[in-house]
Amino acid sequence: MSKTALITGSTSGIGLEIARCFARAGYKLIMNGLEENGPEIAKAIEKEFRTTVLFSSANMLFPEQIDEMVKGALQQLNTIDVLINNAGIQHVSPVEDFPIEKWNQIISINLTSAFLTTRLVWNQMKSQKFGRIINIASAHGLVASEFKSAYVAAKHGIVGFTKTIALEGAPYNITANALCPGYVKTPLVEKQIKDQARAHQISEREVENKIMLHKQAVKEFIPADLIANMCIMLSDEKSGTITGTAIPIDGGWNAQ
Ligand code: NAD
């Protein structure tokens with residue numbers, strides 16, 4: 001019987017690539033995101049890969065919407081075998097000007113929402129003695145960069161959360177791992193390039209070469225399908241002993 005994966009923030013960028021990869025592998029999906037054409041994106045994947053794809057526009061800022069998304073998915077598909085917490089936003093600003101509202105949003109979407117989805121799938125994963133939780137953290141879950149205080153705090157936080165649930169899940173064959181990618185050229189990064197150019201007062205090309213890829217030993221953006229394939233591998237029945245990790249996929253950024 002095919003397994004089911006819920007991927008937050010999966011109507012754009014990395015999440016969308018993960019959704020496509022899981023659909024190709026025969027998973028049933030619950031897709032989520034704020035893109036207006038989310039339902040059409042989900043329908044197109046359902047048609048292309050001939051699988052079942054549900055879509056939820058739940059906003060990860062709001063616990064009651066997360067509740068509705070997960071409970072609705074469990075009602076319709078009976079199980080959630082793989083949970084991928086991927087939804088995330090960024091804001092770049094010196095700490096003294098960092099808007100409090102942006103700080104709170106980043107902590108809620110990039111960190112707290114993963115706690116909220118996890119607690120809702122937990123009992124069902126526990127009772128079926130199988131669960132794979134993958135948190136899309138970032139290289140910024142392991143190292144910091146200036147002007148990204150909230151993002152770095154949230155991503156370090158999710159690495160800690162991942163370790164904790166790995167320990168709690170171990171007796172029930174629930175694994176939890178964090179992936180820590182370097183720069184992937186998605187809409188989130190396109191926006192950052194503009195913001196960083198403004199913050200550092202340099203051109204967008206200089207941001208790409210001197211700030212982003214400067215930190216990676218391999219001077220290339222990380223392909224989104226590499227991250228998606230890693231998620232497939234971690235979700236395998238045989239991957240039960242890989243847990244509690246924070247895996248860098250960062251062109252050697254963390255090797256320095
Ligand atoms: P993206 O902007 O292309 O996609 C983000 C997705 O999250 C979208 O579908 C968006 O609708 C959704 N989202 C945002 N706020 C939401 C909310 N409140 N509720 C529900 N959905 C929401 O970004 P991306 O680059 O694909 O980033 C995906 C994840 O990967 C993020 O957690 C990000 O921090 C992480 N990441 C990205 C990079 C990178 O270089 N792009 C590197 C490391 C980690």
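See the structure above.
What counts, and where the lines are drawn
Residues numbered from 1 in each chain as written. Predicted model: local features only at pLDDT ≥ 70, side-chain atom pairs only at ≥ 80, totals over all residues. Heavy atoms only, no water. Buried < 20%, exposed > 50% of the residue type's maximum accessible area, 1.4 Å probe, protein only. Helix = DSSP H or I, 4+ residues; strand = E, 2+ residues; numbered from the N terminus. Pairing = 2+ DSSP bridges. Right-handed = clockwise from strand over helix to strand, strands pointing away. Salt bridge = Lys/Arg side-chain N within 4 Å of Asp/Glu carboxyl O. Phe/Tyr/Trp six-rings, centres within 6.5 Å; stacked < 30°, edge-to-face > 60°. Lys NZ or Arg CZ within 6 Å of the ring centre and 35° of its normal. Axes fitted to C-alpha atoms, helices over the stretch in contact; angles between N-to-C directions. Parallel < 35°, antiparallel > 145°, perpendicular 65-115°, else oblique. Left-handed = near helix turned anticlockwise from the far one by under 90°. Contact = heavy atoms within 4.5 Å. Nonpolar A, V, L, I, M, F, W, Y, C, P; charged D, E, K, R; others polar.

## Observations regarding the pairing of strand β1 (residues 4–7)
Covered by surrounding structure in β1 are T4 and L6 together with A5 and I7, the residues of both alternating faces. In the sheet, β1 pairs with strand β2 (residues 28–32) via four bridges, with the strands oriented parallel. Residue pairing in the sheet places A5 in a bridge with L29 of β2. In this region the chain leaves β1, passes through helix α1 (residues 13–24) and returns to the parallel neighbour β2; the handedness of that crossover is right-handed. Looking at chain direction, β1 and strand β4 (residues 82–85) are connected through three bridges and run parallel. In the sheet register, L6 faces β4, and the bridge partner there is L83.

## Points about the pattern of salt bridges
The final tally for this structure, using the stated rule, is ten salt bridges. We note a salt bridge from K3 to E237, for which the minimum N-O separation is 2.5 Å. With K3 in the segment before β1 and E237 in the loop between α8 (224–235) and β7 (246–249), the pair connects residues that are 234 residues apart, well separated along the chain. The exposure class assigned to K3 is partly exposed, which follows from its relative accessible area of 21%.

## Here we look at the packing of aromatic side chains
Counting across every chain of the model gives three aromatic pairs. Judged by centre distance (6.4 Å) and plane angle (85 degrees), the rings of F115 and F161 are edge-to-face. Highlighted residues: F115 in helix α4 (residues 100–128) and F161 in helix α5 (residues 149–169), separated in sequence by 46 residues. The side chain of K3 reaches across the aromatic face of F130, ending 4.7 Å from its centre.

## Some details on the environment of N229
Note on placement: N229 falls in helix α8. For the pair N229 and A217, spaced twelve residues apart in sequence, the C-alpha separation works out to 22 Å.

## Overview of the packing of α1 against helix α2 (residues 38–49)
In contact at an axis separation of 9 Å, α1 and α2 are set at 25 degrees when each is read in the N-to-C sense. Our classification of the angle between α1 and α2 gives roughly parallel. Handedness of the α1/α2 crossing: right-handed. For the pair formed by α1 and α2, the contact residues are L16, A19, R20, A23 and R24 on the first element and I41, I45, E48 and F49 on the second. The residue inventory of the contact of α1 with α2, partitioned by class, reads six nonpolar, no polar and three charged.

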